[in-house]
Amino acid sequence: MLPQSSTLDTDKLEEALTKRLPATYKLFWFRAILMVLEEANNIYLFVDISHNMILAAWDYVGNSKIKFPSIDKLPELILTIQSRYPDVTKDNLTNFLERLKKEDKDIKIKVKHLVSFAPYRFLVPFLEYYPYKLTTVNTHKHIEQSANLSNNVIYKFFCDMGIQIDFKWHQYLNQNKITLIKYVDELIAEKIYL
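Definitions and limits used
- Residues numbered from 1 in each chain as written.
- Predicted model: local features only at pLDDT ≥ 70, side-chain atom pairs only at ≥ 80, totals over all residues.
- Heavy atoms only, no water.
- Salt bridge = Lys/Arg side-chain N within 4 Å of Asp/Glu carboxyl O.
- Helix = DSSP H or I, 4+ residues; strand = E, 2+ residues; numbered from the N terminus.
- Buried < 20%, exposed > 50% of the residue type's maximum accessible area, 1.4 Å probe, protein only.
- Pairing = 2+ DSSP bridges.
- Axes fitted to C-alpha atoms, helices over the stretch in contact; angles between N-to-C directions.
- Parallel < 35°, antiparallel > 145°, perpendicular 65-115°, else oblique.
- Contact = heavy atoms within 4.5 Å.
- Nonpolar A, V, L, I, M, F, W, Y, C, P; charged D, E, K, R; others polar.

### Let's talk about the pattern of salt bridges
According to the stated counting rule, one finds eight salt bridges in the structure shown. A salt bridge links Asp106 to Arg84; the nearest nitrogen and oxygen atoms lie 2.8 Å apart. In this pair, Asp106 is assigned in helix H6 (residues 105-123) and Arg84 in helix H4 (residues 74-84), connecting sequence segments 22 residues apart. A salt bridge links Arg99 to Glu103; the shortest N-O distance between them is 3.1 Å. With Arg99 and Glu103 both in helix H5 (residues 93-103) and four residues apart, this pair spans about one turn of that helix. Look at Glu103 and you get exposed, because its relative accessible area is 52%. Several salt bridges converge on common partners, so that one network encompasses Lys73, Glu76, Arg84, Asp104, Asp106 and Lys110.

### Looking at the pairing of strand S2 (residues 155-158)
Both S2 and strand S3 (residues 162-165) contribute to a ladder of four bridges, which runs antiparallel. Looking at the pairing, Phe157 lines up with Ile163 of S3. Hairpin connection from S2 to S3: three residues lie between these consecutive antiparallel strands, with Cys159 at a positive phi of about 50 degrees.

### Describing the packing of helix H3 (residues 46-58) against H4
Where H3 meets H4, the axes come as close as 10 Å, and the angle between the chain directions of the two elements is 85 degrees. Here H3 lies roughly perpendicular to H4, going by the angle between them. Residues Met53, Ile54, Ala57 and Trp58 of H3 lie in contact with H4, whose contacting residues are Leu74, Leu77, Ile78, Ile81 and Gln82. A breakdown of the residues in the contact of H3 with H4 according to their chemical character gives eight nonpolar, one polar and no charged.

Shown next, in the form of C-alpha cells:
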C-alpha cells in the first residue's frame, strides 16, 4: 500500500500503478523516476529516465522464472543490447547507452519508444477528462496539454525533453522514496513472475 498524504490524492498514484497495465512500462517508468529523484531538483530528462528504466529491468530479463507480457518492449530492448553487445553489463550500461544510441539506430529507436507511451499513459488517472477514443498522437498531445494546465498532476511536461514534478509530489516522493521503490518492486514481481 502506498504511504498516504493529507495534501495529495495518492489514490490517483495507486491507480496509475495498478490499473490498465497491459505491459510493465508504467511500473518501470515510475521506478526510474524514483531512481533519478534528487531533493534539489524536480526536472528530469526523458533520456535519464529511459536509461534508468533499462537499469531497473536489466536483472529481470533472461530469468527463466519471469515472463513479461507479450506486448512489452522493454525486455526486447534489453535482449537486443545483451545479444549485440555481450560486454555490456548493468555496471557499465549507463555509460554505454549514450554511445549505443549514436552507433546503433535500432537501439536508439527502441530507447525512444520507452518514453513514447509511459510518460503520457502514467498521467491518465490524474486527469479530470481523458478521451479514450483519440489516436495515439492526439491522445499524447491531449494528455500533455491537460497535464500542463492542471494543478492535480504528479508532473508536467518540460520542453518536450522531460518532466517537471509538482512541488508537493516531489516532497512526497523524496520523503517516501524507499517505501515507494519497495512497493513498485512488489507490483513488478506480481506482474512478471510465473
